[in-house]
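Remarks on the overall topology
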Amino acid sequence: MACSVNFSKKSIIFITGASKGIGRTIAVELSRHLDQNSVFILIARSEKGLDETKTQILMVDKSITVQTYVLDLSKPDINDYNKLFQNILSSVDTSGIEFGLIFHNAGHVGTLKQTADLTDLTTWHEYYDLNLFSAVLLNSVFVKQIRPIAPQLVVVNITSLCGRSPTLNLSMYGSGKAARELFFKVLALEEPKIIVLNYSPGPVETDMFETIITDAQSEVLKKSFREVKESTVLTTEQTVSKLLDILEKGDFKTGDTIDYYDRN
Ligand SMILES: NC(=O)c1ccc[n+]([C@@H]2O[C@H](COP(=O)([O-])OP(=O)(O)OC[C@H]3O[C@@H](n4cnc5c(N)ncnc54)[C@H](OP(=O)(O)O)[C@@H]3O)[C@@H](O)[C@H]2O)c1
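Let us look at the structure shown here. (Residues numbered from 1 in each chain as written. Predicted model: local features only at pLDDT ≥ 70, side-chain atom pairs only at ≥ 80, totals over all residues.)

What follows covers the overall build of the protein chain. The helix and strand tally for the protein chain stands at 8 helices and 7 strands. Over its C-alpha trace the protein chain gives a radius of gyration of 18 Å, about what one expects of a compact globule, namely 18 Å for 264 residues. Taken over the C-alpha atoms alone, the protein chain extends approximately 55 × 40 × 40 Å along its principal axes. For the protein chain, long-range pairs separated by at least 24 residues make up 79% of all intrachain contacts whose partners lie at least 6 apart in sequence. (Helix = DSSP H or I, 4+ residues; strand = E, 2+ residues; numbered from the N terminus. Rg over C-alpha atoms; globule rule 2.2 N^0.38 Å. Contact = placed C-beta atoms within 7 Å.)

Written as structure tokens, this is what we have:
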């Protein structure tokens, strides 16, 4: 299939938000499939969380190279990102790399209030800096600096149903996800040789999910998330296994959005 990713080839893989939750599981599960010479670049703010993810990868395969970078993505800066990638590329053996992958996974749920109460522009700016602008800048640096060393680029945007379907109290979160999803669809249009996937992971039991249950203004939203938690909530392993299966099969068009529940 045109979009399939062969994880047995040497790859360099960037994962944002790799210190816990879905990002950590992408890293650990991917390490079970990868060529031994592959390189992981793990990014988040928590050094402890990144170290734990690295330990879990090395328990799967000691020969994989894992580099961790403590970075606050809510302060995006193109010069910082360019320097970061230059440092990375000067410190790893890039010969023979066949795939360059980036998982835009880091995210925050934003302010969980009804729209009329979302009047603090500082929190809007912080939200969009992290959830949209950092992904835009990092992606540009990824495309420009990794294209010369990896014949096939793969961009995975972790999106959400809340970006396509209006959800109480999630206008900040959902509008950011909607903007980000369209951004990556345009990338797919402009760069047909890059494999682009927008993956919507379903409801997954992570800290973000718990934050909605504890912090939302709407009791209706809290109740519905509590009910999902007690019934159909997914583990990070379940959703990541589906994501990796979709990438391996490659039976999608570049730029598509695929939800966990779209595939058996
Ligand atoms: N859980 C769900 O039900 C669900 C559903 C749909 C979509 N998603 C999406 O899945 C992705 C992962 O979420 P999750 O559920 O795994 O949440 P999570 O467990 O809270 O993980 C969020 C990750 O983002 C990182 N992050 C947050 N703020 C950051 C910052 N300022 N700079 C750098 N990294 C930052 C966190 O690391 P640090 O705190 O160490 O920085 C962490 O690694 C998000 O994009 C989310 O929108 C989740």
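Back to the text.
A separate point is the site of the ligand. Among the 29 residues in the neighbourhood of the ligand, the closest are listed as Gly17, Gly21, Arg45, Ser46 and Gly107. Mapped by element, the contributors of at least two residues to the shell around the ligand are helix H1 (21-31) and helix H6 (207-215). Of the residues belonging to the shell around the ligand, the class tally is 13 nonpolar, 12 polar and 4 charged. (Near = placed C-beta within 6 Å. Nonpolar A, V, L, I, M, F, W, Y, C, P; charged D, E, K, R; others polar.)

Here we come to the packing of helix H3 (residues 78-91) against helix H4 (residues 121-146). Remark: H3 packs on H4, axes separated minimally by 9 Å, with the N-to-C direction vectors making an angle of 40 degrees. On the basis of the axis angle, H3 is oblique to H4. Considering the relative orientation of H3 and H4, their crossing is right-handed. Seen from H3, the contacting residues are Ile78, Tyr81, Asn82, Phe85 and Leu89; seen from H4, they are Leu137, Leu138, Val141 and Gln145. (Axes fitted to C-alpha atoms, helices over the stretch in contact; angles between N-to-C directions. Parallel < 35°, antiparallel > 145°, perpendicular 65-115°, else oblique. Left-handed = near helix turned anticlockwise from the far one by under 90°.)

Before going further, it helps to examine the nonpolar core. Counting 63 residues, the largest nonpolar core has Ile15, Ala27, Phe40 and Leu42 as the members making the most contacts within it. Among the elements that take part in this core, H4 stands out by supplying 8 residues, more than any other. (Core = buried A, V, L, I, M, F, W, Y, C linked by C-beta atoms within 7 Å. Buried ≥ 20, exposed ≤ 12 C-beta atoms within 10 Å, placed from the backbone.)

For the rest of this paragraph, the subject is helix H8 (residues 236-249). For H8, which comprises 14 residues, the first-to-last C-alpha distance of 20 Å matches the rise-based estimate of 20 Å (1.5 Å per residue) to within 8%. Within the sequence span of H8, burial applies to Thr236, Thr239, Val240, Lys242, Leu243, Ile246 and Leu247. One side of H8 carries all its buried residues, which in axial view fall inside an arc of 155 degrees. Within two residues after H8, Gly250 carries a phi angle of roughly 65 degrees, on the positive side. (Expected span 1.5 Å × (residues − 1). Arc of directions from axis to C-beta.)

Here we come to the sheet that holds strand S5 (residues 152-158). Backbone hydrogen bonds hold the strands of a sheet together, and the pairing may be parallel or antiparallel. Taking strand neighbours across the sheet as the criterion, the 7 strands line up as S3-S2-S1-S4-S5-S6-S7 in an open arrangement whose pairing is parallel. If you trace the sheet from one side to the other, it starts and ends with strand S3 (65-70) and strand S7 (257-259), each paired once. Between one strand axis and the next, the sheet turns through 15 degrees on average, direction left out of account. Pairing between strand S1 (residues 11-16) and strand S4 (residues 99-104): 5 bridges, direction parallel. Within S4, the position partnered with Ile12 by the bridge is Gly100. Against the sheet, H1 touches S1, strand S2 (39-44), S4 and S5, its axis set at about 165 degrees to S1. (Pairing = 2+ DSSP bridges.)

Following both chains from N to C, one finds H1 and helix H2 (residues 47-60) inclined at 15 degrees, their axes separated by 8 Å at the closest point. Judged by the inter-axis angle, H1 sits roughly parallel to H2. In this structure, H1 meets H2 at a crossing whose hand is right-handed. Where H1 approaches H2, its residues Arg24, Ala27, Val28 and Ser31 are matched on the opposing element by Thr53, Gln56, Ile57 and Val60.

Moving on, we come to the pairing of S3. Here S2 pairs with S3 via 6 bridges, running parallel. When the bridges of S3 are listed, Val39 appears paired with Thr65. Crossover connection from S2 via H2 to parallel S3: handedness right-handed. (Right-handed = clockwise from strand over helix to strand, strands pointing away.)

Unlike most non-glycine residues, Asn169 shows phi in positive territory, near 65 degrees. Within the secondary structure, Asn169 is located in the loop between S5 and helix H5 (171-190). Asn169 gets classed as buried once you count the C-beta atoms within 10 Å, which come to 25.

This next bit is on the pairing of S4. S4 sits mainly inside the fold: 6 of its 6 residues count as buried. As paired elements, S4 and S5 share 6 bridges and run parallel to each other. Across the sheet, residue Ile102 finds its bridge partner in S5, namely Val155. Taking the sense of rotation as the criterion, the β-α-β connection linking S4, H4 and S5 turns out right-handed.

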